[in-house]
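# Close look at the chain arrangement
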Amino acid sequence: MNKRDGFTLLTLGLLAVFIWFRDTSWMSTSDDTLPILIALPVFFWLGMPWKLKEGESPPLPTGPTVATVCLFLFGILIESTLLMAIGWTLMLWTWLKLRTPTETHSSLKKLLVLPIMSFPWITLDLQQVGWWFRLSGAWITAQLFTILGYEVTYEGTTLAIDQLPISVEAACAGLNTLQSMLIAGSVVAFILLGSTNRYWINLPILFVMAWFANTLRIILISAVALGFGREFAMGAFHTWGGWFILVIMFGLCWLIFQAQEPKISNSSQA
């Protein structure tokens, strides 16, 4: 690694700090948001072994550099953390293409979703997604308990089951843990399907599985509130619910992706 490499990595580090601290509203949910930082260490772990080309590092190409600057400036202008995360990842990828062997690029390209996921753009940019997670989760929960024979009244994100009031607040939206779920799912997808094009096809499915896991959490909390009381359900059990859906998400991804994993034939083993 030479001075130009060091300068590029220092620039990436400073830009990463800027993205994280440009808008610090994520700090109100830091316990759920900070775990997404694991995405970068996992990116470097899955990309091992890292071998840089010998010799002096060439300067970054003008085209990708201009695109990175434009993404950052436009992201600042419209207050989009996602655009800045994409710009940061583009700069990282541009440097990696210059400094790593060509035969590793196909695998590394599939891992780029992790650097993008290492910034809190879902928490900061996609509050509307959280609203739809809450609304649909509350509706599914109301329909399920109605089918089970409970007396249910329902309006928006508020419902009452056998006169027990349950409000699906923003903390129940799953928005703060959605990014962690997507990171976990992306890692499973790469491990099981990274050698095939099925990897790309399955990435959009992660959002559906995240929604399913979060809806299951709302149903479970409602059931616990009916059985053990609202105070118990909304206490420590509610707090650990975020980790519970991460486990559910990981398990769902593993089962679905494992079913698609290429099988090694007996002839190839021989």
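Everything in this summary refers to the structure shown in the same document. (Residues numbered from 1 in each chain as written. Predicted model: local features only at pLDDT ≥ 70, side-chain atom pairs only at ≥ 80, totals over all residues. Heavy atoms only, no water.)

### Details of the packing of aromatic side chains
- In this structure the tally under the stated criterion is nine aromatic pairs.
- Here Phe145 and Tyr150 contribute two aromatic rings whose centre-to-centre distance is 5.4 Å and whose plane-to-plane angle is 70°, an arrangement assigned as edge-to-face.
- Classification of Phe145 as buried rests on a relative accessible area of 4%.
- Each ring, one from Phe190 and one from Tyr199, has its centre 6.2 Å from the other, and the planes form 85°; the classification is edge-to-face. (Phe/Tyr/Trp six-rings, centres within 6.5 Å; stacked < 30°, edge-to-face > 60°. Buried < 20%, exposed > 50% of the residue type's maximum accessible area, 1.4 Å probe, protein only.)

### Remarks on the nonpolar core
- In terms of nonpolar packing, the biggest core is built from 52 residues, with Trp88, Leu114, Phe119, Met181, Leu206 and Phe257 touching the most fellow members.
- Considering every element that reaches this core, the biggest residue donor is helix H10 (residues 175-193), with ten residues.
- If near-sequence neighbours (up to four positions away) are discounted, Phe119 is found in contact with Ala16, Ile19, Trp20, Ile36, Thr81, Ala85, Trp88 and Gln179.
- Formed by eleven residues, the second largest nonpolar core is a distinct cluster that contains Ala138, Ala142, Leu159 and Ala225. (Core = buried A, V, L, I, M, F, W, Y, C linked by side-chain atoms within 4.5 Å. Helix = DSSP H or I, 4+ residues; strand = E, 2+ residues; numbered from the N terminus. Contact = heavy atoms within 4.5 Å.)

### Quick word on unusual backbone geometry
- In this chain, Met48 is followed by Pro49 through a cis amide linkage whose omega measures 0°.
- Looking at the element boundaries, Pro49 is found in the loop between helix H3 (39-46) and helix H4 (62-77).
- Although it is not a glycine, Glu79 adopts a positive phi angle of roughly 55°.
- Locating Glu79 in the fold gives a position in the loop between H4 and helix H5 (81-99).

### Comments concerning the pattern of salt bridges
- Scanning the entire structure with this criterion turns up one salt bridge.
- With a closest N to O distance of 3.1 Å, Asp5 and Arg99 form a salt bridge. Here the residue Asp5 occupies a position in helix H1 (residues 3-22), and Arg99 occupies one in helix H5, the gap between them amounting to 94 residues.
- Residue Asp5 is classed as buried on the basis of its relative accessible area, which comes to 0%. (Salt bridge = Lys/Arg side-chain N within 4 Å of Asp/Glu carboxyl O.)

### As for a nonpolar patch on the surface
- Residues Phe18, Val69, Leu73 and Ile76 make up a contiguous nonpolar surface patch of about 350 Å² in total accessible area.
- The element best represented in the nonpolar patch is H4, accounting for three residues.
- By secondary structure assignment, the location of Phe18 is in helix H1.
- Relative accessible area serves as the criterion here: at 36%, Phe18 is assigned to the partly exposed category. (Patch = residues over 30% accessible without salt bridge, like charges linked within 9 Å, V, L, I, M, F, W, Y side chains within 5 Å. Areas by Shrake-Rupley, 256 points an atom, 1.4 Å probe, with all protein chains shown as cover.)

### Digging into the environment of Ile205
- Position of Ile205 relative to the elements: it lies in helix H12 (residues 205-228).
- Look at Ile205 and you get partly exposed, because its relative accessible area is 32%.
- Note: C-alpha distance between Ile205 and Gly185 (20 residues apart in sequence) is 9.4 Å.

### Details of the environment of Gly137
- Mapped onto the fold, Gly137 is located in helix H9 (residues 127-147).
- Considering only alpha carbons, one finds Gly137 and Ile218, 81 residues apart in sequence, at a separation of 6.6 Å.
- When residues no more than four places from it in sequence are discounted, the contact partners of Gly137 are Trp132, Thr215 and Ile218.

### Observations concerning the pairing of strand E1 (residues 152-155)
- Taken together, the four bridges between E1 and strand E2 (residues 158-161) define a ladder with antiparallel strand orientation. The partner of Val152 across the bridge, within E2, is Ile161.
- In this antiparallel pair of consecutive strands, E1 and E2, the connection spans two residues, and Gly156 shows a positive phi of 60°. (Pairing = 2+ DSSP bridges.)

### Brief notes about the side chain of Thr81
- The topology assignment puts Thr81 in helix H5.
- Using a relative accessible area of 0% as the deciding quantity, one classes Thr81 as buried.
- In contact with Thr81, not counting residues within four places along its chain, are Ile19, Arg22, Phe119, Pro120, Trp121, Leu124 and Asp125.

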